[in-house]
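# Examining the three-dimensional arrangement
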Amino acid sequence: MSSEPNPRWSFDEERAYEAARNRIGAVIAAYSARIWAAEQAGADAEADRLAAESAVYEELRRGLSPDDGGEIARINAEFPALLARVRAG
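Overview of the structure. (Residues numbered from 1 in each chain as written. Predicted model: local features only at pLDDT ≥ 70, side-chain atom pairs only at ≥ 80, totals over all residues. Heavy atoms only, no water.)

### Topic: helix α2 (residues 44-63)
Our working definition: Numbering of helices and strands runs from the N terminus; a helix is a DSSP stretch of H or I covering at least four residues, while a strand is a stretch of E covering at least two. Under the convention used throughout, the expected extent of a helix is 1.5 Å for every residue step, that is, one less than its residue count. Each residue's exposure class comes from its accessible area (1.4 Å probe, protein chains only) as a fraction of the maximum for that residue type: buried when under 20%, exposed when over 50%, partly exposed otherwise. Each C-beta atom gives one direction from the helix axis, and the arc is the one those directions make. Only heavy atoms matter for contacts: two residues are in contact if any of them lie within 4.5 Å across the pair.
Between its first and last C-alpha, α2 extends 29 Å over 20 residues, near the 28 Å set by a 1.5 Å rise per residue. All of the buried residues along α2 are A47, L50, S54, Y57 and L60. Viewed end-on, α2 has its buried residues packed into an arc of 135°, placing them on one side of the element. Exposed residues pointing more than 90 degrees away from the buried face of α2 are listed as A45, D48, V56, R62 and G63. Contact partners of the buried residues in α2: α1 (11-40) and α3 (69-88).

Remember that the coordinates give geometry; whether it matters functionally is a separate question.
Quick look at the structure:
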């Protein structure tokens, strides 16, 4: 019997997972800024639309696991461009 640690995920898998969670968080934050701006402008319908879009990413972040290698790779590849689009409006 070995006393060596046997982590469930490799260091690289854990780093990729954390990067994906951070990218999702950045998208959610960008949506929050746009929601706040829409609310300040009295554009309630736009704020509601943005909140609904943001909720999809909040759910994605809640459900993401280090076991989701394909989804993590997709997020890390696609979300920088998504973040730029959300920020640009």
